Amino acid sequence: MIPADFDYVAPESIEDAVAALRDGGEDAKIIAGGHSLLPLMKLRLAAPTLLVDLRRIPGLSGIERSNGGYKLGAMTCHHLVAMEEGLGAAALAAATIADQQVRNRGTIGGTLAHGDPASDMPALLLAYDGTVSVTGPNGEREIAAADLFEDYLTTSIGDDEIITSVTLPALEGYGHAYQKFNRRQEDWAMAAVSASVKKASDGSCEDVRVGLTHMASVPLRATAVEEALRGGGLDANTIAHAAEQAAEGTSPPADLNATADYKRHLARVLCRRALEEAVAGA
Ligand SMILES: Cc1cc2nc3c(=O)[nH]c(=O)nc-3n(C[C@H](O)[C@H](O)[C@H](O)COP(=O)(O)OP(=O)(O)OC[C@H]3O[C@@H](n4cnc5c(N)ncnc54)[C@H](O)[C@@H]3O)c2cc1C
């Protein structure tokens, strides 16, 4: 289908992009990789009157180490994230996004701003306690992952604010895993679980972070699983017992693929597998 008519600008600075958004009003939209926005426009589920393209703004793409973590420019594509091994579970999750073409075009800023709970990176940002930097008419501010995702496709980013970068801690010394279940390879997740585990010197669990994809209208953290493991043993029985709590507090959407109950079952199974894999790599 053909999108409704729209105007298009490609400013060369963040300031000009913010000004274009402000002048364009509530129907102006940023376009990054276009791999979520353009399908919506073609289906006429979105009809922005102005697209503000970020691709000409220098310094928005690339990954650098900073203050014990990683700073990812908002326009960094999924492929580059997938190639950065130090990003652990975040890199593993990025590698599962769709196919190579989508990974080459889709961006970390775009997927986080879109706020789709079926997307892979939002739950990773949450599990990592990452932050996004946004710039708007009132300057720059940081938004913690826990404050970012408000509801289905709804974030706390203002209409006139632009994500400029994403910060993730390095999580060095952790083992990582990302278990994603879909009916066909390269599909969106029916459910997915990320696990990052750090062992103490006595082999017990020093820290654990578990993220849940597509298990509610927002990405979630499996806090009951984390609490069951933190400070305790990491043997197979303890992991299996903890993973049984993976669906606690979730409300997965039933759809053509599966019932909500089946998705809860998936979350428990994927959680056990992800934890076993992460512990083996820790
Ligand atoms: C066939 C196909 C399969 C896919 N499969 C998966 C999958 O398995 N897993 C997955 O996670 N994703 C999947 N995707 C989505 C893909 O990852 C998209 O790239 C991503 O969701 C959006 O990133 P984008 O850069 O394309 O954003 P765009 O489509 O350009 O923008 C998306 C939204 O974010 C806003 N936005 C973009 N950048 C910014 C910014 N810097 N600051 C503020 N707002 C911004 C836009 O205004 C728009 O509302 C798939 C897409 C396709 C087409």
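A brief structural summary. Just so we're clear, the structure is a prediction, and the values are computed from it rather than from any experiment. (Residues numbered from 1 in each chain as written. Predicted model: local features only at pLDDT ≥ 70, side-chain atom pairs only at ≥ 80, totals over all residues. Heavy atoms only, no water.)

Section: the side chain of K180
Here is step 1 of the chain: Along the chain, the position of K180 falls in strand β11 (residues 174-181).
Here is step 2 of the chain: Under the relative-accessibility criterion, K180 is labelled buried at 17%.
Here is step 3 of the chain: Engagement of the side chain of K180 in a polar contact is seen with the backbone oxygen of T96, the distance being 2.9 Å.
Here is step 4 of the chain: Polar contacts involving the side chain of K180 include one to the side chain of D120, which spans 2.9 Å. (Helix = DSSP H or I, 4+ residues; strand = E, 2+ residues; numbered from the N terminus. Buried < 20%, exposed > 50% of the residue type's maximum accessible area, 1.4 Å probe, protein only. Polar contact = N/O pair within 3.5 Å; in protein donor to acceptor, adjacent residues only side chain to side chain.)

Describing the pairing of strand β10 (residues 162-169)
Side chains on a regular strand alternate between the two faces of the sheet.
Here is step 1 of the chain: Of all eight residues that make up β10, six are buried, and the element is covered over most of its length.
Here is step 2 of the chain: As paired elements, strand β5 (residues 69-73) and β10 share five bridges and run antiparallel to each other. Counted as the bridge partner of G73 is S165 from β10.
Here is step 3 of the chain: Strand direction decides the pairing type here: strand β6 (residues 131-136) and β10, joined by five bridges, are antiparallel. Paired with V132 across the two strands is V166, which belongs to β10. (Pairing = 2+ DSSP bridges.)

Considering the site of the ligand
Here is step 1 of the chain: Neighbouring residues of the ligand: 29 residues in total, closest I30, S36, L37, T107 and D120.
Here is step 2 of the chain: Within the backbone of H35, one N or O atom sits 2.7 Å away from an oxygen atom of the ligand.
Here is step 3 of the chain: For the ligand, the accessible surface in isolation is 970 Å², of which the surrounding protein chains cover 89%.
Here is step 4 of the chain: At the level of secondary structure, the elements contributing two or more residues to the shell around the ligand comprise β2 (28-31), α6 (108-114) and β10.
Here is step 5 of the chain: Of all the elements, α6 adds the most residues to the shell around the ligand, at four residues.
Here is step 6 of the chain: Partitioned by chemical class, the residues of the shell around the ligand number 13 nonpolar, 11 polar and five charged. (Near = heavy atom within 4 Å. Areas by Shrake-Rupley, 256 points an atom, 1.4 Å probe, with all protein chains shown as cover. Nonpolar A, V, L, I, M, F, W, Y, C, P; charged D, E, K, R; others polar.)

Regarding the sheet that holds β5
Here is step 1 of the chain: Pairing in this open sheet of five strands is antiparallel, and the strands run β4-β5-β10-β6-β7 from one edge to the other. Edge strands, defined here as strands with exactly one partner in the open sheet, are β4 (63-66) and β7 (139-144). Strand-to-strand, the axes of this sheet are offset by a mean angle of 25°, without reference to chain direction.
Here is step 2 of the chain: The sheet contacts of helix α1 (residues 14-24) involve β6 and β10, and relative to β10 the element is tilted by about 125°. (Axes fitted to C-alpha atoms, helices over the stretch in contact; angles between N-to-C directions. Contact = heavy atoms within 4.5 Å.)

Thoughts on the pattern of salt bridges
Here is step 1 of the chain: Using the criterion set out here, one finds 16 salt bridges in the structure.
Here is step 2 of the chain: One salt bridge connects R221 with E226, and the closest N-O pair in it is separated by 2.9 Å.
Here is step 3 of the chain: Shared partners join several salt bridges into a network, and the residues in it are D129, D207, R209, R221, E226 and R230. (Salt bridge = Lys/Arg side-chain N within 4 Å of Asp/Glu carboxyl O.)

Let's talk about the environment of A74
Here is step 1 of the chain: Secondary-structure assignment places A74 in the loop between β5 and α3 (78-83).
Here is step 2 of the chain: For the pair A74 and A113, spaced 39 residues apart in sequence, the C-alpha separation works out to 9.8 Å.
Here is step 3 of the chain: Apart from the residues within four sequence positions on either side, A74 is in contact with L60, T107, I108, G109, G110, I163, T164 and S165.

Here we look at the sheet that holds β11
Adjacent strands of a sheet pair through backbone hydrogen bonds, lying either parallel or antiparallel.
Here is step 1 of the chain: In spatial order, the strands read β11-β12-β13-β14; together these four strands make up an open sheet with antiparallel pairing. The open sheet is flanked by β11 and β14 (220-221), the only strands paired with a single partner.
Here is step 2 of the chain: For strand β13 (residues 205-213) and β14, the ladder comprises two bridges, and the chain directions are antiparallel. Paired with L212 across the two strands is L220, which belongs to β14.

Just geometry here; none of it tells us what the structure is for.
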